[in-house]
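Observations on chain architecture
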There are 2 protein chains.
Amino acid sequence: MEAEVTPPINACLIIIGDEVLSGRTREANMQRLATWLEGLGIQLAEARVVPDEERAIITALNTCREQYTYVFTCGGIGPTHDDITTATIARAFGVPLVLDPRAVASLEAYYGAEGLNDARLKMAQVPKGGRLIENPVTGAPGFRLGNVFVMPGVPRIFEAMLELLTPRMLGGPARQSVTLRAMLRESDIATALAALQRQHSRVQIGSYPFMRDDEQGVALVLRSAEEDHLVQAKEAVAALLVAQGAELVEE
Amino acid sequence: MEAEVTPPINACLIIIGDEVLSGRTREANMQRLATWLEGLGIQLAEARVVPDEERAIITALNTCREQYTYVFTCGGIGPTHDDITTATIARAFGVPLVLDPRAVASLEAYYGAEGLNDARLKMAQVPKGGRLIENPVTGAPGFRLGNVFVMPGVPRIFEAMLELLTPRMLGGPARQSVTLRAMLRESDIATALAALQRQHSRVQIGSYPFMRDDEQGVALVLRSAEEDHLVQAKEAVAALLVAQGAELVEE
């Protein structure tokens, strides 16, 4: 009997940020999103960093929203002249921007009624049809439009919004993983490891070299949605490492 | 008289790595590459993270090598079954893989002649026409093919290769930048800042909010290849911040 094939639920992240591309800022949301998605049984299938330029954003967005179940953007939804994400997404979808009364209320709660200047009201504009994603930190919301989640770049707010989204996401069966580390050179085990990958085809085996002081080490990461297959593969890989005389660390 | 327009020298980074997309590993080469390129007067115009899958790699590679002056890849050039970058790049360019004698010599110097097993010799294969990029750390080289630089994912080796490439790169006039930080909310200055951006069109002004404890701060980053314009814009932005009562920190 063949295994049932369901299309994978996947996602793409588009980071909108000149500051990442110039090297000024170290990218800080990708790993958090990837880990969160893994827990939901959704695979992050691609990530892109694009500049704060309308054409670059539209090209990436329109390519990725066709290709993946979900798209997340981060960055460029603030009040300043270089925050062009919201307007650009409205243009990519061909819808107008509208002032969202709940977003106005959220900003008013944070800044006070007298504090609602034009720059802040810009953050209450949402492409027509967009549903707000609440911002529990600074009041300026994100939004979801179609399969696109539009989020801020500040990591603390990005994370807080993910927490709020968790119960609303439709995921798949979560993959489990196990990592085995040993201080040996992956080229010592590559041929035997390739054979184990062929034998354990329901498990994905990744081999990641690292350096510690001047020594080479390797982390072998096994992933599967099926626990019994994962356990069998893990035992086989562990036996290979021990046969090489390696001291094994399991994570 | 109109300013002379030269096409910008730019670059794209393609990170090949399931381990980054799964959240297991925090991406660690992008900022280093971006900073190095800035110093050479080359703008990192895009970055992508793709999985260790032939089709995804070929699509990203062929799109980006048409679009940008240079493309850098990192990851997937090791000895194991999941290292498919080199073979995939050969396929994308339509050229065969050949065993490079200098790469063999480099690996032999590191592992010893008796240590040259099949897995290690895999790392001496290069797409025909590729020129080696020396690896001063572990002997396994990267290579350049056309406008594509194929580099390893291990940060220490990636960095060491960049150092070796520095004198060989053709860049442009380097942009200078200055950063002004203040503990205020960017929405307090957004309208005035937009006016300053219009007045100082030869300078790119970026506004990056951050959180410190529970307070909002902003970093204003000014960039230009023309120092006199940069200085004028900096003075104007500093005056704006001081007029807001902010304590100014320059980086």
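In this report, the structure presented in the accompanying data block is examined. (Residues numbered from 1 in each chain as written. Chains lettered and ligands numbered in written order. Predicted model: local features only at pLDDT ≥ 70, side-chain atom pairs only at ≥ 80, totals over all residues.)

A word on the relation of the copies chain B and chain A
Expressed as a screw transformation, the operator carrying chain B onto chain A has a rotation angle of 180 degrees and an axial translation of 0.0 Å, and the superposed copies differ by an RMSD of 0.0 Å. When the rotation and shift are considered jointly, the pair of chain copies conforms to a two-fold rotation axis. Within chain B, the C-alpha atom positioned nearest to the axis of rotation is that of B:Arg48, 2.1 Å from it. (Least-squares fit on C-alpha atoms with pLDDT ≥ 70 in both.)

Considerations on the nonpolar core
Counting 96 residues, the largest nonpolar core has A:Ala11, A:Ile14, A:Val71, B:Ala11, B:Ile14 and B:Val71 as its most contacted members. Here B:Ile14 is in contact with B:Arg48, B:Val50, B:Ala60, B:Leu61, B:Cys64, B:Val71 and B:Thr73, once residues within four sequence places are set aside. If you look at the next biggest cluster of nonpolar residues, it comprises 17 residues, including A:Ala119, B:Ala182, B:Leu222 and B:Val237. (Core = buried A, V, L, I, M, F, W, Y, C linked by C-beta atoms within 7 Å. Buried ≥ 20, exposed ≤ 12 C-beta atoms within 10 Å, placed from the backbone. Contact = placed C-beta atoms within 7 Å.)

Digging into the interface of chain B and chain A
Each side of the interface is counted separately: chain B has 49 residues, and chain A has 49 residues. Looking at the side of chain B that touches chain A element by element, the count peaks at seven residues for strand β2 (residues 43–50) of chain B. Considered class by class, the residues forming the side of chain B that touches chain A number 20 nonpolar, 16 polar and 13 charged. Sheet topology places strand β2 (residues 43–50) of chain A next to β2(B); three bridges connect them, and they run antiparallel. Each bridged residue has a counterpart across the sheet, and for A:Val49 the counterpart in β2(B) is B:Ala47. (Helix = DSSP H or I, 4+ residues; strand = E, 2+ residues; numbered from the N terminus. Nonpolar A, V, L, I, M, F, W, Y, C, P; charged D, E, K, R; others polar. Pairing = 2+ DSSP bridges.)

Some remarks on the environment of B:Leu40
Residues and elements named next belong to chain B. Residue placement: Leu 40 occurs in the loop between α2 (30–39) and β2. Linking Leu 40 and Arg 212, residues 172 residues apart in sequence, is a C-alpha distance of 33 Å. Once residues within four sequence positions are removed from consideration, Leu 40 is found in contact with Met 169 and Gly 171.

Quick notes on helix α3 (residues 54–67) of chain B
Residues and elements named next belong to chain B. Counted at 1.5 Å a residue, the expected span for α3 with its 14 residues is 20 Å, and the 20 Å between its end C-alpha atoms agrees. Here α3 has its buried residues at Ile 57, Ala 60, Leu 61, Cys 64 and Arg 65. In an axial view of α3, the angular spread of the buried residues amounts to 115 degrees, which keeps them on one side of the axis. The outward face of α3, more than 90 degrees from its buried face, is lined by the exposed residues Arg 55 and Glu 66. On its buried face, α3 sits against β1 (10–16), β2, β3 (70–74), α4 (85–93) and β8 (148–151). (Expected span 1.5 Å × (residues − 1). Arc of directions from axis to C-beta.)

Observations regarding the pairing of strand β3 (residues 70–74) of chain A
Residue and element names in this part refer to chain A. Judged by how many residues are buried, β3 sits mostly within the fold: five of five residues are covered. Here β3 shows no split at all, with Tyr 70, Phe 72 and Cys 74 on one side and Val 71 and Thr 73 on the other all buried. In the sheet, strand β1 (residues 10–16) pairs with β3 via five bridges, with the strands oriented parallel. Bridged to Ile 15 within β3 is Cys 74. Relative to strand β8 (residues 148–151), β3 runs parallel, the two being bridged by four bridges. The residue of β8 that forms the bridge with Val 71 is Val 148.

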